[in-house]
Amino acid sequence: MSTQLNELHFTHANEHAFHDALKQASHNYLNSKNDHVYASKKDIFLIISMIVLAIICYIPTLLTSSTVVYIAGYVGFVLLIMLLNVLGQHDACHNTLFKQTWLNRIFGRLVTLPLGLEPEFWRVRHVYFHHRYANIEHYDLDTEENGIFRQTPFQNWRPMMKYQHVYWPIVASFSLTWIALVFDWSDRTGKTPLKSRKVLEGKLGWALFLGSKICHLLLMLGLPLWIAHLHGIDIMTILLTYLASQMVASLFVVYLLLGTHWAETAFFEAPNNQQMPHGWYYHNFVTACDWLPSPKWLWRLTGGLNYHLTHHLFPGWHHRHYPALAAIIARLAKQYDLPYRCISYRQLLDAQIRFLRKMGEVPK
């Protein structure tokens, strides 16, 4: 993987009118509610309540002699932490959970620690590379070639990929572990384009990175192996529960995310002159979509990730605004002839399987 990428630019052709209309409509919406773009007090209260509940789930794992109570408490803790990442950390990395940047960073480090992830590396990957260059080969680090999945038509094909539409949930269940062990360490050792962003530089950066990794192991394995084992919990139970909980948490977030950039979307290679032949808005419309769960109110558990195109157009807004913004986008997209799509979750999964099958075919 190259550590140096030239910045890409998008053509401004014919998008000024849509941009101005979208900006005005969103501004009018916010003014009509006398509101702001950050999380509401209700959202903050929910986040705090979930943190308290997660702690309540974790404490019994160190005090119980019951294997059932240990497993239930431990898995419950990890799933609540994963939900906190979906409902809070995603907004925090865009500085929309709290108004203070430093508070967003602290929150992000705390809720990613139980998952073993480095929040600063994930934030830069997500905000700087994925959001700016979605579905552009080598620039969107979320679709970087890994030898297991063929995620774009520009990547190498291997015979086993004929079955990637079958084995993808198994691989997806190790996504958090892959990020923690492969992505994080590749970023830390300067083997990825994050090197140019100078994230966590120097001795302090190394100390924060290693400290977080050690704290993760102490919290999720060290304390249980020391304290829970003294209360009679078997070591193998502790190790298998750790692995299983990470796998379940991985599947939870992957089922929310993967298809949003695979469902009948376009993929691009970077031009030699670093000038994309189309505009930024058009690029987002053809590389992402919105989708709706059934029943519709379940979107509140997705952290707004189902309104994925909307999120790409309004990354600086908290997800509580996305339903209203999506309605604005749909109306204006029709007016300005942009290909807005909002599909069902069933359609999203079907499109995802079709995509994996297509990418698994022998290239012609």
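Residues numbered from 1 in each chain as written. Predicted model: local features only at pLDDT ≥ 70, side-chain atom pairs only at ≥ 80, totals over all residues. Heavy atoms only, no water.

- As recorded in an unreviewed UniProt entry, the protein chain goes by the name Linoleoyl-CoA desaturase, listed as coming from Providencia stuartii.

**Concerning the overall build of the protein chain**
- Secondary structure summary: the protein chain contains 13 helices and 4 strands in total.
- Along the three orthogonal principal directions, the C-alpha set of the protein chain runs to about 70 × 55 × 45 Å.
- For the protein chain, contacts bridging at least 24 residues in sequence account for 72% of all contacts bridging at least 6.
- Just so you have it, the protein chain exposes about 17700 Å², and 64% of that area is on carbon and sulfur atoms. (Helix = DSSP H or I, 4+ residues; strand = E, 2+ residues; numbered from the N terminus. Contact = heavy atoms within 4.5 Å. Areas by Shrake-Rupley, 256 points an atom, 1.4 Å probe, with all protein chains shown as cover.)

**Topic: the pattern of salt bridges**
- What the rule picks out here adds up to 10 salt bridges.
- Taking the shortest distance from any N to any O, the salt bridge between Glu 7 and Arg 132 comes out at 2.6 Å. One end of the pair, Glu 7, is in the segment before strand 1 (9-10); the other, Arg 132, is in the loop between helix 5 (119-130) and helix 6 (164-172), and 125 residues separate them in sequence.
- As a salt-bridge pair, Arg 346 and Asp 350 come within 3.0 Å of each other at their nearest N and O atoms. With Arg 346 and Asp 350 both in helix 13 (residues 345-360) and 4 residues apart, this pair spans about one turn of that helix.
- It is possible to trace a salt-bridge network through shared partners that takes in Asp 35, Asp 43 and Arg 320. (Salt bridge = Lys/Arg side-chain N within 4 Å of Asp/Glu carboxyl O.)

**Let's talk about the UniProt feature "transmembrane region" (unreviewed entry) in the protein chain**
- UniProt records the feature "transmembrane region" (unreviewed entry) at residues 44-63, 69-87, 166-186, 206-227 and 239-258, using the numbering of this structure.
- Span residues 44-63 is 100% helix and 0% strand, its end C-alpha atoms 30 Å apart.
- Measuring from the first to the last C-alpha atom of residues 166-186 gives 28 Å, for a span that is 90% helix and 0% strand. (UniProt positions renumbered as here; feature names shortened; annotations may be inferred.)

**Observations concerning unusual backbone geometry**
- Cis peptide bonds are those with omega within 30 degrees of zero, and the linkage from Ser 294 to Pro 295 qualifies with 0 degrees.
- Looking at the secondary structure, you find Pro 295 in the loop between strand 3 (290-292) and helix 11 (308-313).
- For His 138, which is not a glycine, the phi torsion comes out positive at approximately 75 degrees.
- Counting through the fold element by element, His 138 comes out in the loop between helix 5 and helix 6.
- Look at Leu 200: it is not a glycine, yet its phi comes out positive at around 50 degrees.
- Examined against the element boundaries, Leu 200 turns out to sit in the loop between helix 7 (175-188) and helix 8 (202-230).

**Describing the packing of helix 2 (residues 41-63) against helix 8**
- Between helix 2 and helix 8, the shortest axis-to-axis distance is 8 Å and the interhelical angle comes to 35 degrees. Taken together, the residues of helix 8 that come into contact with helix 2 (itself represented by Tyr 58, Thr 61 and Leu 62) are Leu 219, Leu 223, Pro 224, Ile 227 and Ala 228.
- Split by residue class, the contact of helix 2 with helix 8 holds 7 nonpolar, 1 polar and no charged. (Axes fitted to C-alpha atoms, helices over the stretch in contact; angles between N-to-C directions. Nonpolar A, V, L, I, M, F, W, Y, C, P; charged D, E, K, R; others polar.)

**Describing the nonpolar core**
- Formed by 56 residues in total, the largest nonpolar core has its most connected members in Phe 77, Val 78, Met 82, Leu 97, Phe 107 and Leu 115.
- Within the second largest apolar cluster, 25 residues are counted, among which are Ala 21, Val 37, Tyr 281 and Leu 313. (Core = buried A, V, L, I, M, F, W, Y, C linked by side-chain atoms within 4.5 Å. Buried < 20%, exposed > 50% of the residue type's maximum accessible area, 1.4 Å probe, protein only.)

**Section: helix 10 (residues 280-287)**
- Among the 8 residues that make up helix 10, 6 are buried, leaving the element largely enclosed by the rest of the structure.
- Within helix 10, burial applies to Tyr 281, His 283, Asn 284, Phe 285, Val 286 and Thr 287.
- The elements touched by buried residues of helix 10 are strand 1, helix 1 (16-32), strand 2 (275-276), helix 11 and helix 12 (322-335).

**Observations concerning helix 7**
- Between its first and last C-alpha, helix 7 extends 18 Å over 14 residues, near the 20 Å set by a 1.5 Å rise per residue.
- Taken residue by residue, helix 7 has Ser 175, Leu 176, Ile 179, Ala 180, Asp 184, Asp 187 and Arg 188 as its buried positions. All buried residues of helix 7 lie within an arc of 135 degrees about the axis, which places them on one face of the element.
- Gly 190 occupies a position one or two residues after helix 7 and carries a positive phi of about 75 degrees. (Expected span 1.5 Å × (residues − 1). Arc of directions from axis to C-beta.)

**Brief notes about the packing of aromatic side chains**
- As enumerated under the stated definition, the model contains 21 aromatic pairs in all.
- When the centroid spacing of 5.9 Å and the interplanar angle of 75 degrees are considered together, the rings of Phe 18 and Tyr 336 count as edge-to-face. Of the two residues, Phe 18 is situated in helix 1 and Tyr 336 in the loop between helix 12 and strand 4 (342-344); the sequence distance between them amounts to 318 residues.
- Residue Phe 18 is classed as buried on the basis of its relative accessible area, which comes to 1%. (Phe/Tyr/Trp six-rings, centres within 6.5 Å; stacked < 30°, edge-to-face > 60°.)

**Here's the deal with the environment of Leu 313**
- The residue Leu 313 is located in helix 11 in this model.
- Note on Leu 313: relative accessible area 9%, which makes it buried.
- Taking the C-alpha atoms as reference points, Leu 313 and Tyr 281, separated by 32 residues in sequence, lie 7.7 Å from one another.
- Residues within four places of Leu 313 in sequence aside, it is in contact with Leu 22, Trp 280, Tyr 281, Asn 284, Phe 285 and Ile 329.

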